[in-house]
Amino acid sequence: MPILKIKARQIFDSRGDPTLEVDMITDIGLLRSSVPCTLAPNPNEAVDLRDGIETSYNGRSVFKAVDNINNILAPAILKSKLDVCQQGQIDALMIKLDGTENKSKLGANAILGISIACCKAGAAKKGLPLYKYIAQLAENGRLYIPVPVFTVISGGKAANNGLPFEAYMIMPIGAVSFADAMKMGSEIYREIERKISEKQEKKLPLLSNGEGAFAPAMENEEVLTLMDEAIKTIGYDGKVKLALDIGASAFNKDGMYDLALKSDDTEPEDYLETEALKERHLELLTVFPNIVSIEDPFDQEDWDGWPLLADQPIQIVADELTAMNVERIEEAVEKQAANCLLIRLIQIGTITEAINCCKMARLNGWGTMVSAGFGETEDAFIADFSVGVSCGQIKVGGPCRSERTAKYNQILRIEEELGKYAKYAGNNFRNPFSN
């Protein structure tokens, strides 16, 4: 299928920031992609190219990346005569044209926009559902439906409250299907909303934040207790577990950890050393044995801290530590720093590289968790990607906000289409293939 035209434009994401949209036109029609973004770029990830003009779009515009697509990447791809099903070759060509280690010349956002559109076009040419085409690219012969990891309460840099951790999540691992998991998640979400409202002095409407989660002014253990109670109240005790995204890099100060980072009263003598923070994590695991997953428990450069939780029988997810950087993933594996890799496409920039990261994780006995961006779009590509690579888990946000539910709804459609062949990862979320 010849590529007739590739065109990019600036659109807006769920946070009201600019992002990229890419049209790929072939002889059977138009395939479109849009690109999510990160909230605070990690120095170890591929570069989400922004114009940086503070007087325009608060420095967040992407006209350079648009120009790089329209005037550099698109002409080169059209000239190459590569077919849309040559995903690896097209991705490799774009990486070569960029020529940097972190895609800082042309932008990971520019490259990813084309990579996703190409993947959709390849599926269209093959006459396959997108998730099945991705499975072919990943050489994956066993499809599994992921467990949704719902963010129900936010803290850290993602919320204007005193909670130190970035996300407080629930995982319906005891559901029998994705549809059942959505039922559990939505019911618990509303029960949490009711319980938070009951604690408020003023009975004001309870608002959700950019990820569809609530951000109450509560204490850490109070939130986890409330979540546990909500699970039990609705009747899903044992079927729905807790998960945390600590986001420790956000409260790391000169090698120490300030859990009161949002308080005006914080003092250096109150900061925790790595060992003390580890003890805090272990205390939480003791008090709340329902916790089955912890993400980013230490700072992204605290290589000595990460292995301290390796002996715990829970999932340790590496996001900020690895940032989809192959060299850092290899180091994390060698040091046994974690046992699950967060897959965020914008951090690496091409579908081929993302698939290879999934394979690397699996070969080393790690789980994988596909994640949405902080600034999201209505593009549901990662839903198909999560099924195509059989990741076992997908973290999109709360069961709220259309840019979030678009991904959940697409997995519901995939599960319906697979029918009796749909296999929900469930309790085997860390290794679906052990089913």
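Anything mentioned here points back to the structure above.
Reference entry: report on the structure contained in this document. Note that this is a predicted model, so its numbers are computed, not measured. Here the residue numbering is sequential within each chain, running from 1 through the sequence in written order. Where totals are concerned, whole chains, interfaces and linings use all residues; where local detail is concerned, this predicted model gives features only for residues with pLDDT of at least 70, and gives and counts side-chain atom pairs only at 80 or more. To obtain the side-chain values, all non-hydrogen atoms of the structure were used and water was disregarded.

1. As for the overall build of the chain
- A run of DSSP states H or I qualifies as a helix once it reaches four residues; a run of E qualifies as a strand once it reaches two. Both are numbered from the N-terminal end. Along the chain, the regular secondary structure elements total 11 helices and 13 strands.
- Scaling as 2.2 N^0.38, a compact globule of 435 residues should have a C-alpha radius of gyration of about 22 Å, and the chain matches this with 21 Å.
- In this scheme, a residue with accessible area under 20% of its type's maximum is buried, one over 50% is exposed, and one in between is partly exposed, where area comes from a 1.4 Å probe on protein chains only. Evaluated residue by residue, the chain yields a buried proportion of 60% over its 435 residues.
- Across the chain, contacts joining residues at least 24 apart in sequence account for 68% of those joining residues at least 6 apart. What the globule rule says is 2.2 Å times the number of residues to the power 0.38, and the radius of gyration is computed from C-alpha atoms. The contact criterion used is simple: two residues touch if any of their non-hydrogen atoms lie within 4.5 Å.

2. Some remarks on a negative patch on the surface
- Patch definition: residues above 30% relative accessible area lacking any salt bridge, with like charges linked at up to 9 Å and the nonpolar side chains Val, Leu, Ile, Met, Phe, Trp and Tyr linked at up to 5 Å. Exposure was quantified through the Shrake-Rupley algorithm and a 1.4 Å probe, taking into account, for residues, occlusion by the shown protein chains and nothing else. By salt bridge we mean one thing: a side-chain nitrogen of Lys or Arg within 4 Å of a carboxyl oxygen of Asp or Glu. Counting rule applied: Lys, Arg positive; Asp, Glu negative; His and chain ends not counted. Charge placement uses NZ in Lys and CZ in Arg. For Asp and Glu, CG and CD serve respectively. Where like charges cluster on the molecular surface, the negative patch consists of Asp264, Asp265, Glu267, Glu269 and Asp270.
- With respect to the helices and strands, the residue Asp270 is situated in the loop between β8 (256–257) and α7 (274–287).
- On the basis of relative accessibility, which here comes to 52%, the residue Asp270 falls in the exposed class.

3. A closer look at unusual backbone geometry
- Its identity is not glycine, yet Glu139 carries a phi of approximately 55°, on the positive side.
- Tracing the backbone shows Glu139 in the loop between α4 (130–137) and β4 (147–154).
- A positive phi angle is found at Asp296, which is not glycine, with a value near 45°.
- Mapped onto the fold, Asp296 is located in the loop between β9 (291–295) and β10 (315–318).

4. What to know about the pairing of β9
- Of all 5 residues that make up β9, 5 are buried, and the element is covered over most of its length.
- Looking at chain direction, strand β6 (residues 241–245) and β9 are connected through 4 bridges and run parallel. Within the sheet, the bridge partner assigned to Leu244 lies in β9 and is Ile294.
- Only strands that DSSP links by at least two bridges are regarded as paired with each other. Bridge count between β9 and β10: 3 bridges; the pairing is parallel. Paired with Glu295 across the bridge in β10 is Val317.

5. What to know about the packing of helix α5 (residues 178–199) against helix α11 (residues 402–418)
- At a minimum axis separation of 9 Å, α5 and α11 run at an interaxial angle of 145°. Contacts from Phe178, Ala179 and Met182 in α5 reach Tyr408, Ile411, Leu412 and Glu415 in α11.
- Each residue gets one of three labels, nonpolar for Ala, Val, Leu, Ile, Met, Phe, Trp, Tyr, Cys and Pro, charged for Asp, Glu, Lys and Arg, and polar for the others, Gly among them. Looking at the contact of α5 with α11 residue by residue, the classes come out as 6 nonpolar, no polar and 1 charged. To get an axis, a line is fitted to the C-alpha atoms, and for a helix only the part in contact is used. The angle between two axes follows their N-to-C directions and goes from 0 to 180 degrees.

6. Observations concerning the sheet that holds strand β11 (residues 340–343)
- With mixed pairing, 8 strands are arranged side by side around a closed barrel as β4-β5-β6-β9-β10-β11-β12-β13. Taking each pair of neighbouring strands and ignoring which way they run, the sheet shows an average axis angle of 25°.
- Of the pairings in the sheet, the one linking β4 to strand β5 (residues 167–171) comprises 4 bridges and is antiparallel in character. In the strand pairing of β5, Ile153 is matched with Tyr168.
- Set on the sheet, α5 makes contact with β4 and β5; between it and β4 the angle comes to about 10°.

7. Brief notes about the sheet that holds strand β2 (residues 18–26)
- Strands sit in the order β1-β2-β3 across an open sheet of 3 strands; the sheet is antiparallel. Only two strands of the sheet have a single partner each, and these edge strands are β1 (3–12) and β3 (29–34). Across the sheet, the mean angle separating the axes of adjacent strands is 20° when strand polarity is ignored.
- Two elements, β1 and β2, share 9 bridges in a ladder whose sense is antiparallel. Residue pairing across strands places Arg9 opposite Glu21, the latter belonging to β2.

8. Describing helix α6 (residues 220–234)
- What a helix should span is 1.5 Å times the count of its residues minus one. The first and last C-alpha atoms of α6 sit 22 Å apart over 15 residues, in line with the 21 Å expected at 1.5 Å per residue.
- Burial in α6 covers these residues: Asn220, Val223, Leu224, Leu226, Met227, Asp228, Ala230 and Ile231.
- Turning to α6, the residues buried within the fold contact β4, β5, α5, β6 and α7.
- Positioned one or two residues after α6, Gly235 has a phi angle of 100°, which is positive.

9. Considering the pattern of salt bridges
- As enumerated under the stated definition, the model contains 28 salt bridges in all.
- A salt bridge links Lys183 to Glu187, with the nearest nitrogen and oxygen atoms 3.0 Å apart. Pair noted here: Lys183 and Glu187 are both in helix α5, with a separation of 4 residues, about one helical turn.
- We classify Lys183 as partly exposed; its relative accessible area is 42%.
- Judged by its relative accessible area of 27%, Glu187 falls in the partly exposed class.

10. A word on α7
- The end-to-end C-alpha separation of α7 is 20 Å, in line with the 20 Å expected for 14 residues at 1.5 Å each.
- Taken together, the buried positions of α7 are occupied by Thr274, Leu277, Lys278, His281, Leu284 and Leu285. Taken around the axis of α7, the buried residues stretch over an arc of 115°, which confines them to a single face. Note that the arc is computed from the directions linking the helix axis to the C-beta atoms.

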